[in-house]
Structure formats: structure tokens, C-alpha cells
Amino acid sequence: MQSQAARGFGKMANDESISILEQIVKTDSSFRNLVAQGAIIGLRIFATTKTTNQDLIIKIVNLFIDNSSHENYENIRVYAISALGFFICDKNGNIVNPGYDHIIKLLTDRKSVR
């Protein structure tokens, strides 16, 4: 239930309320990090459909990059990496960094391959 609420919050959030979803991602201790997964999806939805604030989008992309590292729970990493895929190119197909470089790094990182 909380995971779906976090996801829905991303659909209706504004620039100021995004910090709530960020905090959920950082502090979630639910079973399989389900609430954090919903918050990541909510942040992705917000950044791709609800805002044009480039500074805020970059902040969200950096949160996804931070949460895709090996120090994080696998369930959070998978969702963060998946969300990051939405930010590797712009609407014209031009490569956008830092998302693109991080995805390439993950593809060539032996720790990321099972």
C-alpha cells in the first residue's frame, strides 16, 4: 500500500514535495524495500512528465546514480538502474550525461554482472 502511495505521490507532486520521496528512498526499511521502489518510480514519473526544472531533474538522476551503487540493497539498485534508463537521451535522441556514462560503467563493471 505504501509503495503504491509513493508511486502516486510522484504523479501529483510538485518541485517542493520531491524531498519527501527522496527521503523515503534513503531511509526505507520495508520488506524488500518495496516503499523505496515505489518512491523511485514516483520520482521517475515526476522527472519525466511533471517538471521541466533541469536542476531538479539532474538532482533526481544523481539520486538514481547514487542508489545504483553496490552499497545499496539489490532491490533498490535494480529500480534505480531501470529509472536511470529514462534519462540517457533527450527527446531528440541526443546522449545526456551523467546518466549515459553511468549506465556504460555499470555494463562494464564485473560486480554488476552475475
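Residues numbered from 1 in each chain as written. Predicted model: local features only at pLDDT ≥ 70, side-chain atom pairs only at ≥ 80, totals over all residues. Heavy atoms only, no water.

With that settled, the discussion passes to the side chain of Asn33. Mapped onto the fold, Asn33 is located in the loop between α2 (18-27) and α3 (34-50). The residues touching Asn33, leaving out its near neighbours within four places in the chain, are Asp28, Tyr73, Asn75 and Ile76. (Helix = DSSP H or I, 4+ residues; strand = E, 2+ residues; numbered from the N terminus. Contact = heavy atoms within 4.5 Å.)

It is the contact of α2 with helix α4 (residues 54-67), at a shortest axis distance of 12 Å, that shows an interaxial angle of 5°. Classified by the interaxial angle, the pair formed by α2 and α4 is roughly parallel. In contact with Ile18, Glu22, Val25 and Lys26 of α2, α4 contributes Leu56, Lys59, Ile60, Leu63 and Asn67. Here the contact of α2 with α4 is composed, by residue class, of five nonpolar, one polar and three charged. (Axes fitted to C-alpha atoms, helices over the stretch in contact; angles between N-to-C directions. Parallel < 35°, antiparallel > 145°, perpendicular 65-115°, else oblique. Nonpolar A, V, L, I, M, F, W, Y, C, P; charged D, E, K, R; others polar.)

Turning our eyes to something else, we now look at the confidence of the model for the protein. Any segment with low pLDDT has predicted coordinates that should not be analysed in fine detail. Of all residues in the protein, 96% attain a pLDDT of 70 or more, and the chain-wide mean is 87. Averaged pLDDT values over the elements of the protein bottom out at 84 in helix α1 (residues 2-12) and peak at 94 in helix α5 (residues 74-84). (pLDDT = per-residue confidence, 0-100.)

Taken N-terminus to C-terminus, the directions of α5 and helix α6 (residues 99-108) make an angle of 130°; their axes are 10 Å apart at the nearest point. The angle between α5 and α6 places the two elements in the oblique class. Considering the relative orientation of α5 and α6, their crossing is left-handed. Seen from α5, the contacting residues are Arg77, Ile81 and Leu84; seen from α6, they are Gly99, His102, Ile103 and Leu106. Across the contact of α5 with α6, the residue classes break down as four nonpolar, two polar and one charged. (Left-handed = near helix turned anticlockwise from the far one by under 90°.)

Core analysis: the biggest nonpolar cluster contains 24 residues, and Ile18, Ile40, Leu43, Ile60 and Phe64 have the highest contact counts within it. Counting residues per element, the ones that place at least two in this core are α2, α3, α4 and α5. Top element by residues in this core is α4. It accounts for seven residues. For Ile18, the contacting residues outside a window of four places in its chain are Ala13, Leu43, Phe46, Leu56 and Ile60. (Core = buried A, V, L, I, M, F, W, Y, C linked by side-chain atoms within 4.5 Å. Buried < 20%, exposed > 50% of the residue type's maximum accessible area, 1.4 Å probe, protein only.)

Another point: the packing of aromatic side chains. The final tally for this structure, using the stated rule, is one aromatic pair. When the ring of Phe64 is compared with that of Phe87, the centres are 6.0 Å apart and the planes differ by 40°; the resulting orientation is tilted. Of this pair, Phe64 sits in helix α4 while Phe87 is found in the loop between α5 and α6, placing the two residues 23 residues apart along the sequence. The positively charged end of Arg44 is found above the aromatic ring belonging to Phe86, 4.3 Å away from the centroid. (Phe/Tyr/Trp six-rings, centres within 6.5 Å; stacked < 30°, edge-to-face > 60°. Lys NZ or Arg CZ within 6 Å of the ring centre and 35° of its normal.)

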